[in-house]
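Architecture and fold: a report
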Amino acid sequence: MEEVDFMSVLHKSTSRDYISRVIDKDFPKPKAASLAKQFGFDYWDGDRRICYGGYKYIEGRWEKVARSILKHYKLPPNAKILDVGCGKGYLLYDFLKVLPKAEVYGIDISKYAIANSKEEIKNNLYLGHANNLPWKDNYFDLVISINTLHCLHSYELNEALKEIERVGKKNKYICIESYRNENEKANLLYWQVTCEAFNNVEEWKWWFKLAGYKGDYSFIFFE
């Protein structure tokens, strides 16, 4: 298990007005969160004050993440890769640009995301939950889950981590929102719209140990 950062290059490229997120007159925080937690149109392609404000494929954006991950894990050309919480599948699509003979699969709870995913990989995306992955033990050469597990309730985390550990061979990577101090905790509370598991770094590590998760991880902080 190792802390490996693949995601801050994207996270830090976005500027955020935390207070405006909370007090917006049209989409105050409770309203925005209620809409976002449906993981439908409003979450992905609705108003920016709710969440993404139009989650479109941008050439090269996810490819640099895919290249960093594949370089780190030294995967074989025909690697089997699973993304837990794949959304519209943009990262999986870019994995194929870097490793064209790979088998990529994704799972997400959002019907809307899968319906509006990249056509090239849509048939490999499945509707489902992180705590019940429909693949056999040790099936994947790499399992990733980016900005997903913090959306689960505490009673779902243990099983989800166990499932990620179960279906992957050696290489697993999880990225989650967390905090190291009260400033980052406040900013996380202000900005997030779907987070249910508010854990600091040490608490996340406790969850990893409890579930027997042996893969790698990194954290997103709202500084």
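Residues numbered from 1 in each chain as written. Predicted model: local features only at pLDDT ≥ 70, side-chain atom pairs only at ≥ 80, totals over all residues. Heavy atoms only, no water.

Looking now at the overall build of the protein. A tally of regular secondary structure across the protein gives 10 helices and six strands. Dimensions of the protein along its principal axes, counting C-alpha atoms only, are 50 × 40 × 30 Å. For the protein, with 223 residues in total, the buried portion stands at 53%. For the protein, the computed accessible surface area is about 10,800 Å², with 50% contributed by carbon and sulfur atoms. A gap of 3 Å separates the mean positions of the 33 positive and 31 negative side-chain charges of the protein. (Helix = DSSP H or I, 4+ residues; strand = E, 2+ residues; numbered from the N terminus. Buried < 20%, exposed > 50% of the residue type's maximum accessible area, 1.4 Å probe, protein only. Areas by Shrake-Rupley, 256 points an atom, 1.4 Å probe, with all protein chains shown as cover. Lys, Arg positive; Asp, Glu negative; His and termini not counted. Charge placed at Lys NZ, Arg CZ, Asp CG, Glu CD.)

Tallied over the entire structure, the rule returns zero disulfides. A disulfide-free cysteine, cysteine 51 has its sulfur positioned 8.8 Å from the sulfur of cysteine 151, the nearest such atom. Free of any disulfide, cysteine 175 has its nearest cysteine sulfur in cysteine 151, 12 Å distant. (Disulfide = S-S within 2.5 Å.)

Moving on: the sheet that holds strand S6 (residues 216–220). Taken together, six strands build an open sheet; the order of strands is S3-S2-S1-S4-S5-S6 and the sheet is parallel. On the outer flanks of this sheet lie strand S3 (125–127) and S6, each paired with one strand and no other. Here the strands of the sheet are splayed against their neighbours by 15 degrees on average, with no regard to which way each runs. (Pairing = 2+ DSSP bridges. Axes fitted to C-alpha atoms, helices over the stretch in contact; angles between N-to-C directions.)

Below, the discussion takes up the environment of tyrosine 105. Counting through the fold element by element, tyrosine 105 comes out in strand S2 (residues 103–108). On the basis of relative accessible area, tyrosine 105 is assigned to the buried category, the value being 13%. As for tyrosine 105 and asparagine 147, which are separated by 42 residues in sequence, their C-alpha atoms are 17 Å apart. Contacts of tyrosine 105, omitting those with residues within four sequence positions, involve Ile81, Leu82, Asp83, Leu92, Asn124, Tyr126, Trp135, Tyr139 and Phe140. Side-chain polar atoms of tyrosine 105 contact the side chain of glutamate 103, separated by 2.9 Å. (Contact = heavy atoms within 4.5 Å. Polar contact = N/O pair within 3.5 Å; in protein donor to acceptor, adjacent residues only side chain to side chain.)

In this section: the nonpolar core. The biggest cluster of nonpolar side chains holds 50 residues, and the ones touching the most others in it are Met7, Ile81 and Phe95. Of all the elements in the fold, those that place two or more residues in this core are helix H3 (29–36), helix H4 (41–45), helix H5 (63–73), helix H6 (90–98), helix H7 (111–115), strand S4 (140–146), strand S5 (168–177) and helix H9 (182–191). Ranked by size, the runner-up nonpolar core spans 28 residues in total, among them Tyr105, Ala160, Leu161 and Ala197. (Core = buried A, V, L, I, M, F, W, Y, C linked by side-chain atoms within 4.5 Å.)

Our next topic: the packing of helix H8 (residues 154–167) against helix H10 (residues 201–211). The description of two packed helices rests on the angle between their axes and on the distance between the axes. The N-to-C vectors of H8 and H10 enclose an angle of 55 degrees; their axes lie 8 Å apart at closest approach. On the basis of their axis angle, the class for H8 and H10 is oblique. When the axes of H8 and H10 are compared, the crossing they make is right-handed. When H8 is examined against H10, the residues Ser154, Leu157, Asn158, Leu161 and Lys162 are found in contact with a partner set consisting of Trp204, Trp207, Phe208, Leu210 and Ala211. (Parallel < 35°, antiparallel > 145°, perpendicular 65-115°, else oblique. Left-handed = near helix turned anticlockwise from the far one by under 90°.)

Attention shifts here to the packing of H5 against H6. Relative orientation of the contacting elements H5 and H6 amounts to 65 degrees, with a least axis distance of 8 Å. When the axes of H5 and H6 are compared, the crossing they make is right-handed. Note on element contacts: H6 touches H5 through Leu91, Asp94, Phe95, Lys97 and Val98, opposite Glu63, Val65, Ala66, Arg67, Ile69 and Leu70. Split by residue class, the contact of H5 with H6 holds seven nonpolar, no polar and four charged. (Nonpolar A, V, L, I, M, F, W, Y, C, P; charged D, E, K, R; others polar.)

Now for the side chain of lysine 118. Looking at the element boundaries, lysine 118 is found in the loop between H7 and S3. Using a relative accessible area of 15% as the deciding quantity, one classes lysine 118 as buried. Those residues in contact with lysine 118, other than ones at most four positions away along the chain, are Tyr57, Lys88, Tyr90 and Tyr93.

This next bit is on a nonpolar patch on the surface. Taken together, the side chains of Ile19, Ile23, Leu189, Tyr190 and Phe198 make up a nonpolar region of the molecular surface, amounting to roughly 450 Å² of accessible area. Elements with a contribution of two residues or more to the nonpolar patch: helix H2 (18–23) and H9. Judged by its relative accessible area of 46%, isoleucine 19 is partly exposed. (Patch = residues over 30% accessible without salt bridge, like charges linked within 9 Å, V, L, I, M, F, W, Y side chains within 5 Å. Salt bridge = Lys/Arg side-chain N within 4 Å of Asp/Glu carboxyl O.)

Turning next to the packing of aromatic side chains. The geometry of an aromatic ring pair comes down to the distance between the two centres and the angle between the two planes. All told, the structure shown has 26 aromatic pairs when counted by the stated rule. For the ring pair phenylalanine 208 and tyrosine 213, a centre distance of 5.3 Å and an interplane angle of 55 degrees mean the geometry is tilted. The exposure class of tyrosine 213 is buried, given its relative accessible area of 2%. Members of the aromatic cluster, connected to one another through ring pairs, are Phe39, Tyr43, Trp44, Tyr52, Tyr55, Tyr57, Tyr90 and Tyr93. Seen from the ring of tyrosine 139, lysine 80 lies directly overhead, with NZ or CZ sitting 5.5 Å from the centre. Above the ring of tyrosine 57, the side-chain terminus of lysine 118 is found at 4.2 Å from the ring centroid. (Phe/Tyr/Trp six-rings, centres within 6.5 Å; stacked < 30°, edge-to-face > 60°. Lys NZ or Arg CZ within 6 Å of the ring centre and 35° of its normal.)

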